[in-house]
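Notes for the structure review
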Amino acid sequence: MKEDLKPLAAGASARIAAHVAGTRYESLPPEVVHAFKRALLDHVACAVAGASMPVSRALLSYFQETDASRTATVIGAGVKLSAQNAALVNGANTHGLDFDDGTTHGSAHPSGAVFPAVLAAAEQHGAAPRDAILAAVLGYDVMIRIAAAMHPATARKGFHNTPLAGVFGAAAAVASLLQLDAAQAGHALGLAGSFAGGIRAYLDDGAEVKRIHPGKAARDGLVCAEFAKRGITGPGRVLEARYGFANTHADGRFNWKRLVDGLGSRYEICSVYFKPFPCCRHYHSAMDGIRSLKAAHGIRAQDVALLRIGLYSVGVNGHDHKHCDNILDAQMSAPVGAALALADVEVAAQSFLPGSLARPEVRRLVDLAETRLDEECERIYPGRRSGVVEVSLKDGRRFEARVLDPKGEGENPMSDADLERKFAANCAPVIGKAKCDTVIDAVWCFDGARELAPLLQLLAG
């Protein structure tokens with residue numbers, strides 16, 4: 001996009017800021033509030049389960065040495081830090097197992113960027129639960145709209161969409177929580193544009209920095225809103241300016257209609273997917289296809305002679321490797337995910353640990369798997385995150401399955417009961433079944449609570 005701005009681009013940043021400042025809790029439809037609760041339950045499931053991951057423990061160790069604040073709760077740690085540092089650690093917790101929610105159209109994970117910023121800022125400022133609901137809804141809305149508008153241009157340039165769009169979402173959420181006016185909200189978003197960053201180089205060697213990206217966005221977005229409250233200015237046309245975000249990060253390939261379409265009437269939190277498997281979402285459809293073939297034809301892992309995985313280009317690139325030198329390598333590998341779907345009854349977090357991956361049958365399946373570009377998957381992406389699998393057996397039989405929507409999104413959603421089971425399965429070993437039941441009840445009743453403290457105390461560990 002050049003200086004002759006398209007009509008929808010002109011004033012886009014100001015429209016987003018006005019949306020953030022002008023929306024009130026009372027205007028949210030009941031289904032949007034319920035979607036918030038679903039997202040919150042999945043968020044705490046991921047944050048509690050991910051709190052014990054090495055990256056989270058390392059971050060916490062550093063901040064406990066350097067941060068004497070006792071302002072905001074670190075989930076699963078039993079300690080408090082400053083709001084910005086708690087947001088960073090909780091964001092890393094959320095993404096620690098690659099189990100958090102996401103948006104297909106934007107290829108980003110909103111939970112770890114938005115909720116840690118909202119909960120930390122709400123705890124610091126004593127905000128009411130309904131203020132936190134509105135803040136999170138708006139944070140999801142801004143983050144997902146920006147992610148969808150810039151994808152896949154940014155991803156193809158090597159950027160990680162979660163921290164790029166996430167810092168805008170976190171800034172918008174905290175701007176709402178702090179009740180900033182439209183001008184201040186615009187400055188918060190303007191500041192966020194200069195904090196936006198994160199590259200996908202981790203795909204080459206499984207670098208752990210990926211775990212930090214949502215927390216980075218949560219921390220930076222929170223401080224951008226706090227800075228704006230104190231009068232620090234950001235560019236008012238942060239998205240559409242000559243050197244604005246759309247040009248610098250997406251080379252002008254920015255879908256302005258997708259950014260503003262339905263603004264104020266359609267809330268993006270209702271569109272997120274939830275993950276049944278703790279690995280990269282790009283090949284969940286292929287894993288679902290394998291599981292359906294196993295159930296329909298009684299396929300056993302030891303009988304498989306050939307495994308072909310068909311995906312769209314963004315799913316193939318960076319996810320077709322067969323090495324798994326660390327957990328992230330394994331979680332980012334379509335051959336590994338497919339092999340585990342064949343070998344195991346359930347694919348859970350422990351499935352990606354070294355001992356599980358070293359099993360001879362798993363290694364054999366990984367080695368024989370082929371990942372390729374499928375033209376139909378490419379044609380309908382990013383509208384649908386589909387996949388196709390072909391399984392050939394040693395006796396000559398061949399089976400194929402094409403899945404348009406992986407479990408958890410589109411026409412194949414996870415129910416409330418599914419989310420409760422995911423929470424209990426991953427958190428009961430950490431906090432016990434009785435506390436799990438109490439947390440689930442607290443989440444479903446969140447909009448009727450008087451304060452945040454009881455839920456945060458339950459999650460403290």
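Everything here concerns the structure above.
Residues numbered from 1 in each chain as written. Predicted model: local features only at pLDDT ≥ 70, side-chain atom pairs only at ≥ 80, totals over all residues. Heavy atoms only, no water.

Focus: the packing of helix H2 (residues 30-50) against helix H22 (residues 433-444)
Here H2 crosses H22 at 155°, and the two axes come no closer than 9 Å. Comparing their axes, H22 and H2 come out roughly antiparallel. For the pair H2 and H22, the crossing hand works out as right-handed. Judged by residue contacts, His34, Lys37, Arg38, Leu40, Leu41 and Val44 of H2 engage Val439, Ile440, Val443 and Trp444 from H22. Taken together, the residues of the contact of H2 with H22 break down into seven nonpolar, one polar and two charged. (Axes fitted to C-alpha atoms, helices over the stretch in contact; angles between N-to-C directions. Helix = DSSP H or I, 4+ residues; strand = E, 2+ residues; numbered from the N terminus. Parallel < 35°, antiparallel > 145°, perpendicular 65-115°, else oblique. Left-handed = near helix turned anticlockwise from the far one by under 90°. Contact = heavy atoms within 4.5 Å. Nonpolar A, V, L, I, M, F, W, Y, C, P; charged D, E, K, R; others polar.)

Looking at unusual backbone geometry
Residue Pro152 follows His151 across a cis peptide bond; omega there is 10°. The residue Pro152 is located in the loop between helix H6 (129-150) and helix H7 (153-156) in this model. Put simply, Tyr381 and Pro382 share a cis peptide bond, and its omega is 5°. Of note, Pro382 is situated in the loop between helix H20 (375-380) and strand S5 (387-393). Even without being a glycine, Ser107 presents a positive backbone phi close to 45°. Position of Ser107 among the secondary structure elements: in the loop between helix H4 (83-95) and helix H5 (111-125). A residue is classified by how much of its surface remains accessible, and Ser107, at 16% relative accessible area, is buried. Even without being a glycine, Asp251 presents a positive backbone phi close to 55°. Relative to the helices and strands, Asp251 resides in the loop between helix H12 (245-250) and helix H13 (256-260). A residue is classified by how much of its surface remains accessible, and Asp251, at 40% relative accessible area, is partly exposed. (Buried < 20%, exposed > 50% of the residue type's maximum accessible area, 1.4 Å probe, protein only.)

A short note on the pairing of strand S6 (residues 398-403)
Only one face of S6 is buried, namely the one carrying Phe399, Ala401 and Val403, since none of Arg398, Glu400 and Arg402 on the opposite face is buried. As judged from the six bridges shared by S5 and S6, these two strands associate in the antiparallel manner. Following the sheet pairing, Ser392 is matched in S6 by Arg398. Taken together, S5 and the strand that follows it, S6, pair antiparallel across an intervening segment of four residues, in which Gly396 is found at a positive phi of about 100°. (Pairing = 2+ DSSP bridges.)

Describing the packing of aromatic side chains
Overall, the coordinates contain seven aromatic pairs when judged by the stated rule. Seen in terms of ring centroids, Phe36 and Phe446 are 5.5 Å apart; in terms of plane orientation they differ by 45°. Their pairing is tilted. Separated by 410 residues along the polypeptide, Phe36 in helix H2 and Phe446 in the loop between H22 and helix H23 (453-459) bring together distant segments of the chain. The buried category is assigned to Phe36, whose relative accessible area is 2%. Given the relative accessible area of 3%, Phe446 is considered buried. Each member of the aromatic cluster is reached from another via a ring pair, and the members are Phe36, Phe115, Tyr140 and Phe446. The side chain of Arg281 reaches across the aromatic face of Tyr273, ending 4.2 Å from its centre. A cation over an aromatic ring shows up here: Lys422 above the ring of Phe99, its NZ or CZ 4.2 Å from the ring centre. (Phe/Tyr/Trp six-rings, centres within 6.5 Å; stacked < 30°, edge-to-face > 60°. Lys NZ or Arg CZ within 6 Å of the ring centre and 35° of its normal.)

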